[in-house]
There are 2 protein chains.
Amino acid sequence: MKSIILAVDDIRAIVKRVGRNALMDELILRMTRAFEDYSTEKIKIPMRDGFQYTHPVLGLLEWMPIMEIGQKSTIKIVGYHPHNPNRHQLPTIISTISAFDASTGHLIGLADATFTTALRTGAASALASRLMAKPDSKTLGLIGCGAQAVTQLHALSRIFDFDRVLLHDSDFSVVQSFKERAAFIGIETQPTQLDELVKQSDIVCTATSVEIGEGPVFDAKEYNPWLHVNAVGADFPGKVEVPEDFLKASYVSPDYREQAIKEGECQQLEDAEIGAELVEILQNPDEFKHLKDQPTVFDSTGWALEDQVALEMLLDMAKDFGLGTELDLESISDDPHNPYSFVGDEESVSKNQKAS
Amino acid sequence: MKSIILAVDDIRAIVKRVGRNALMDELILRMTRAFEDYSTEKIKIPMRDGFQYTHPVLGLLEWMPIMEIGQKSTIKIVGYHPHNPNRHQLPTIISTISAFDASTGHLIGLADATFTTALRTGAASALASRLMAKPDSKTLGLIGCGAQAVTQLHALSRIFDFDRVLLHDSDFSVVQSFKERAAFIGIETQPTQLDELVKQSDIVCTATSVEIGEGPVFDAKEYNPWLHVNAVGADFPGKVEVPEDFLKASYVSPDYREQAIKEGECQQLEDAEIGAELVEILQNPDEFKHLKDQPTVFDSTGWALEDQVALEMLLDMAKDFGLGTELDLESISDDPHNPYSFVGDEESVSKNQKAS
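The rules behind the values
Per-chain numbering applies: the sequence of each chain, read as written, is numbered from 1 onward. A letter from A marks each chain and a number from 1 marks each ligand, given out in the order of writing. The model is predicted, so local features are restricted to residues of pLDDT at least 70 and side-chain atom pairs to those at 80 or more, both for listing and for counting; the totals for chains, interfaces and linings are taken over all residues. Where side-chain values are given, they derive from all heavy atoms of the structure, hydrogens and water being excluded. Numbering of helices and strands runs from the N terminus, with a helix taken as a DSSP run of H or I at least four residues long and a strand as a DSSP run of E at least two residues long. For a compact globule the rule gives 2.2 Å times the number of residues to the power 0.38, and the radius of gyration it is set against comes from C-alpha atoms. Classification of residues uses two cut-offs on accessible area relative to the type maximum, computed with a 1.4 Å probe and protein chains only: under 20% is buried, over 50% is exposed, and between them is partly exposed. A contact between two residues is defined here by any heavy atoms of the two lying within 4.5 Å. In short, Shrake-Rupley with a 1.4 Å probe defines the accessible areas, and a residue's cover is counted only from the protein chains shown. Counting rule for charge: Lys and Arg are taken as positive, Asp and Glu as negative, and neither His nor the chain ends is counted. Every charge is mapped to an atom, namely NZ of Lys, CZ of Arg, CG of Asp or CD of Glu. Residues below a pLDDT of 70 in either copy are left out; the C-alpha atoms of the rest, at least 70 in both, set the least-squares superposition of the copies. A strand pair is defined by DSSP finding two or more bridges across the two strands. Geometry is summarised by axes, namely lines fitted to C-alpha atoms with helices restricted to the contacting stretch, and by angles between N-to-C directions that run from 0 to 180 degrees. Put simply, a salt bridge is a Lys or Arg side-chain nitrogen that is within 4 Å of an Asp or Glu carboxyl oxygen. Note on scores: pLDDT gives the predictor's confidence for each residue, bounded by 0 and 100. Counting of polar contacts relies on pairs of N or O atoms within 3.5 Å, with two restrictions inside protein: one atom must be capable of donating a hydrogen and the other of accepting it, and residues adjacent in sequence are counted only when both atoms are side-chain atoms. Three classes are used, and their members are as follows: Ala, Val, Leu, Ile, Met, Phe, Trp, Tyr, Cys and Pro are nonpolar, Asp, Glu, Lys and Arg are charged, and the others, Gly among them, are polar. In this scheme Phe, Tyr and Trp rings, the latter by its six-membered ring, pair at centre separations within 6.5 Å, and the angle between planes marks the pair as stacked below 30 degrees, edge-to-face above 60, and tilted otherwise. A ring has a charge above it when a Lys NZ or an Arg CZ is no more than 6 Å from the ring centre and no more than 35 degrees off the ring normal.

Draft legend 1. Focus on the overall build of chain A. A tally of regular secondary structure across chain A gives 12 helices and 15 strands. The C-alpha atoms of chain A give a radius of gyration of 22 Å, which matches the 21 Å a tight globule of 356 residues would have. Across the 356 residues in chain A, those meeting the buried criterion constitute 63%. Counting only contacts in chain A whose residues sit at least 6 apart along the sequence, the fraction spanning at least 24 positions is 72%. By element, 46% of the accessible surface of chain A is carried by carbon and sulfur atoms, the whole surface being about 12,800 Å². Side chains of chain A give 32 positive and 56 negative charges; the mean places of these two sets differ by 4 Å.

Here it is as C-alpha cells:
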C-alpha cells in the first residue's frame, strides 16, 4: 500500500509551477472554505502537546493532530528552536506533516511542513485581518522581520493594497535584509523606530523570537483607533508579544482559545476578556463587522486545521503535476495474521539457528 | 539536510540478511540494556494520546512520544483497527515511527513500525517472562493466535525451552492457520480447550482483539501457582483480557503504570494492588526474584522506549547494510530568514502576477 512523500524538490517544483502569489491566493481561498465548513461535530482538534526543553538549547517539539471524523487524520510534528538561525543556519521552525486514513490507520502521505507552516501562518493572518482590520489599510508594521514576517506581508498583500511597510527588529541586520527577501512582493519598506511604527500602522504583525518573560515587544503609547494586530510569535508558556494594556483595550480573537490561554497572548487575559475564536467570526461576519472600527488582536498560536488545508493543497497539486515519491512504507503482509509474511521466503540464516 | 526513510523493502532486506532469530535476539539484548540504563532524569515518556473512535469503524490512532533529553525524540504513530484483517486484509496494527534531533527539530529518520511493533511487543514479554516466570517453563499458552501471538511465541522461544504451545482463539480458523505461521519457530502446537490451556500452561500470552466490555478472555479456575501471564491486548479504555480475581491473586507489573491504569489490565485494580513497573523489576532483579514462584501478570500496554530501541536497531542495521532512502525532506532555505529562498530563482509566473 503506497504512501506519497513530498520532499523539498516536489514543493520547490510546485511553487515554481504555480507561482508564489497564486499559491498564496489558493491557500487563502481553501482556508476560508475550510473555516466556513468547520464544525466540532465533524472535526476534532485536541490541543497540541509536546516536549518543551531548555537543554541542549531552548526548544520545543510538538505534535498538532486533527481528525476529520470518519475520514482522515493529519498530524504535524513541529520543532521550534529559536537559536537555529544563528547556530545552525537553519530556520527556527522545522516541520513535517503526515495524513492517515481513519478507517485503517494507513499513512496516506508525508510532506515537509517547514514551508507550509510559514505559508499558513501568513494566510491565517490574512483571514483575520480581512475580518478585523480596516478594509482600506495602507500601512503595515512588521515587528520581527524574520522568516514568518515574509509570509505575513505576502499573505496580507494579497488582501490589502498597502502603500508601505514599516520594519522593526531587535537585530537590525534582519531589518536590513528584509527588503531583498520581500522584494518579490513589490511594496516599499522602511526601517522605523518602534513607537512610530505602532503609531502609524493600520495593521501590525508581531513575529518575534522574544525570550520567555522578556515580552511584550512594543508599547502601545499611541496608535490608530482601528489598529489590528496579528500576534503570531507567542507559542510558549511565558512568551508574549503584545502589551497587556493594549490587549485589554482591544477585541482579542484567538485561533484556538484553550491553546491561546496556555501559550498565546491570552495568557495575559481573564476568560471574560477573550473574544470569539477566529472561525466563529468568519462564520458570522455580520455579527462582528464592527470589529473593523476598533482595536483588535488576532492571537495566532497555530491551528491544526490550517496545516491540514495546506497539506491537502500540496497533495492535490502534486497529484496534478505528477510529483512526489510513492513508497511502500508499511510492512503490510499478505496474511494480516502473520507479521513475518511480508519478508517472503524464509531466510536461510534463521533456519539454521533455531532456538535450542 | 537528509532524512533517512526505511520502507518495507529495507526492512525485508534487514530481516533476510540478519535472520529472524538473530534479529529477535538482538532486539531483546538492546531492550534489556535500554531498560537497565533508563532513568526519568534522562528520558521523558509522556503517556500516549490519540483519537479513539467508533465511526466509520472502531479504531484508534495514537502518538507515542519519547525524548532522550538533550539528544533526540522518537514519535510513533500507531493505528489500531481490529476490523482490518476481515475487511481490508490488513493487519490490525499499522504504524510508522520518526526520530527527531532535539537540538534543531530536524527529522533524522522515518521507518515502518508495523513490523517492529509486533517484534518489540514480543521482546517486552520476553523480558517480563525472564524476570517473572518459572525459568524452566515448558508449556506456553496463547490466547488469541493472530499477528501478535507469532512474535510472542517467537520472542519467548528465544528465552525458554518450550516443549509445546497450547492454542486458543475465538476464531478457530486463526488457530488452524497458526501452525504454519509459526512453523519457523519449530515447536509443537496444540489447539486446546480454554480451561485446559490455562490449567496446563507455565506462561500464558493473551493477545486478542476482544471487544470493549466483552473481556476477560479466560477464567482462572485452575492454574499453576507459578503461572505468568503476558497480557498484551488491552490498549483501549474498557478493554481487558485477564479476569479480575486472577489479577488480584497475582503480582501485576505494568510497563507504564499511568497508561495501564487507563487502558490496561490495571483498569481493574486499585492503586495499591499494582506492582512495580517492569523497568524497576529489571533494574532490581534480586529484590523481585520471588516473583518466579508466584502468579504474575505483565500488563503490557506498549512503552515508547521499546519502540525507540527497535527503531534504532533498524537504523543501525540499515546503515551497516547501506539500506534506506535518503531524502531532502524539509524545505531548508540557505537563508533561514527567508521561507521562499529554497525555491531558488524567482518563478516567472509570480513575477507577472504581482498584487495590485
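We are not done yet, so read on.
Draft legend 2. Summary view of the relation of the copies chain A and chain B. Rotating chain A by 180° and translating it 0.0 Å along the rotation axis places it on chain B, where the RMSD comes to 0.0 Å. In symmetry terms, the pair is related by a two-fold rotation axis. The position closest to the rotation axis in chain A is occupied by the C-alpha of W63(A), lying 4.2 Å away. Looking at the interface residues of chain A, 100% of them are also at the interface in chain B, so both copies use one shared face.

Draft legend 3. Just the sheet that holds strand β12 (residues 228–231) of chain A, in detail. All names here are of chain A. Read across the open sheet, the seven strands follow the order β10-β9-β8-β11-β12-β14-β13; overall the sheet is parallel. The open sheet has two edge strands with one neighbour each: β10 (188–191) and β13 (251–254). On average, each strand axis in the sheet is inclined to that of its neighbour by 20°, with strand direction left out of account. Bridge analysis of β12 against strand β14 (residues 296–299) gives four bridges, and the strand direction is parallel. Bridging across to β14, N230 finds its partner in F298. Sheet strands in contact with helix α5 (residues 147–157) are β8 (139–143), β9 (164–168), β11 (203–206) and β12, and its direction is about 165° off that of β8.

Draft legend 4. Examining the pattern of salt bridges more closely. Enumeration over the complete set of coordinates arrives at 40 salt bridges over all chains. A salt bridge links E26(A) to R30(A); the nearest nitrogen and oxygen atoms lie 2.7 Å apart. Note that E26(A) and R30(A) are positioned in helix α2 (residues 20–37) at a spacing of four residues, about one turn of the helix. Judged by relative accessible area, E26(A) falls into the partly exposed class, the value being 24%. The residue D136(B) makes a salt bridge to K134(B) at a minimum N-O spacing of 3.2 Å. The network of salt bridges with common partners includes R48(A), E62(A), K262(A) and E263(A).

Draft legend 5. Quick look at unusual backbone geometry. All names here are of chain A. Following G215, the chain continues to P216 via a peptide bond in cis, the omega torsion being 0°. Structurally, P216 can be placed in the loop between β11 and β12. Located in the positive-phi region is Q89, a residue other than glycine, with phi close to 55°.

Draft legend 6. Inspection of the confidence of the model for chain A at higher detail. All names here are of chain A. Mean pLDDT over chain A stands at 93; residues scoring 70 or higher make up 97%. Scored below 50 in pLDDT, residues 348–356 makes 20 contacts in the model with residues more than four places away or belonging to other chains. Two summary scores accompany this predicted model of the complex, namely pTM at 0.91 and ipTM at 0.89.

Draft legend 7. Up close: the interface of chain A and chain B. Chain A puts 96 residues into the contact, and the matching count from chain B is 96 residues. At the boundary of chain A with chain B, the tally comes to 26 residue pairs in polar contact (both at pLDDT 80 or more). A per-element tally of the side of chain A that touches chain B places helix α1 (residues 8–18) of chain A first, with seven residues. Per-class residue counts for the side of chain A that touches chain B are 49 nonpolar, 30 polar and 17 charged.

Draft legend 8. Molecular detail of the packing of aromatic side chains. Within the structure shown, the criterion is met by 22 aromatic pairs over all chains. Ring centres of Y340(A) and F115(B) lie 5.5 Å apart, and the angle between their planes is 70°; this geometry places the pair in the edge-to-face category. Remark: F115(B) occurs in helix α4 (residues 114–132) and Y340(A) occurs in the loop between β15 (325–328) and α12 (348–351); the pair is interchain, linking two chains. Neither residue differs from the other here; Y340(A) and F115(B) are each classed as buried. Seen in terms of ring centroids, F342(A) and F115(B) are 5.0 Å apart; in terms of plane orientation they differ by 70°. Their pairing is edge-to-face. Here F342(A) is found in the loop between β15 and α12, whereas its partner F115(B) is found in helix α4 on a different chain. F115(B) shares its class with F342(A); the two are buried. What links up through ring pairs into an aromatic cluster is the set F115(A), F184(A), Y340(B) and F342(B). Positioned above the aromatic ring of F321(A) is the side chain of R17(A), whose terminal nitrogen or guanidinium carbon lies 4.3 Å from the ring centre.

Draft legend 9. Layout of the pairing of strand β5 (residues 72–80) of chain B. Residues and elements named next belong to chain B. The buried fraction of β5 is high, at nine of nine residues. On β5, burial covers both faces: K72, T74, K76, V78 and Y80 on one face and S73, I75, I77 and G79 on the other are all buried. By the bridge criterion, nine bridges tie strand β4 (residues 59–68) to β5 in an arrangement that is antiparallel. Bridge pairing in β5 links I66 to T74. Hairpin geometry of β4 and β5 is characterised by an intervening segment of three residues between the two adjacent antiparallel strands and by a positive phi of about 80° at G70. Inspection of the sheet shows β5 paired to strand β6 (residues 93–101) by nine bridges, in the antiparallel sense.

Draft legend 10. Region of interest: the environment of F115(A). Take F115(A): its relative accessible area is 1%, and that puts it in the buried class. For the pair F115(A) and H88(A), spaced 27 residues apart in sequence, the C-alpha to C-alpha distance is 18 Å. Setting aside chain neighbours within four positions, we find F115(A) in contact with I11(A), V15(A), L23(A), S331(B), P339(B), Y340(B) and F342(B).

Draft legend 11. Region of interest: the pairing of strand β7 (residues 107–112) of chain A. Residue and element names in this part refer to chain A. Among the six residues that make up β7, five are buried, leaving the element largely enclosed by the rest of the structure. When strand β6 (residues 93–101) meets β7, the two strands line up antiparallel, connected through five bridges. Looking at β7, one finds that S98 is bridged to L110.

Draft legend 12. Broad picture of the sheet that holds strand β13 (residues 251–254) of chain B. All names here are of chain B. On the basis of which strands lie adjacent, the open sheet formed by seven strands has the order β10-β9-β8-β11-β12-β14-β13 and parallel pairing. This sheet does not close on itself; its edge strands, each paired only once, are β10 (188–191) and β13. Ignoring strand direction, the axes of neighbouring strands in this sheet form an average angle of 20°. This element, helix α5 (residues 147–157), spans β8 (139–143), β9 (164–168), β11 (203–206) and β12 (228–231) of the sheet and lies at about 165° to β8.

Draft legend 13. Local environment of the environment of L166(B). Residue and element names in this part refer to chain B. Among the structural elements, L166 can be located in strand β9. It is 62 Å that separates the C-alpha atoms of L166 and Y340, two residues lying 174 residues apart in sequence. Among residues more than four places away in sequence, those in contact with L166 are T139, L140, G141, L142, Q190, T192, L197, Q200 and S201.

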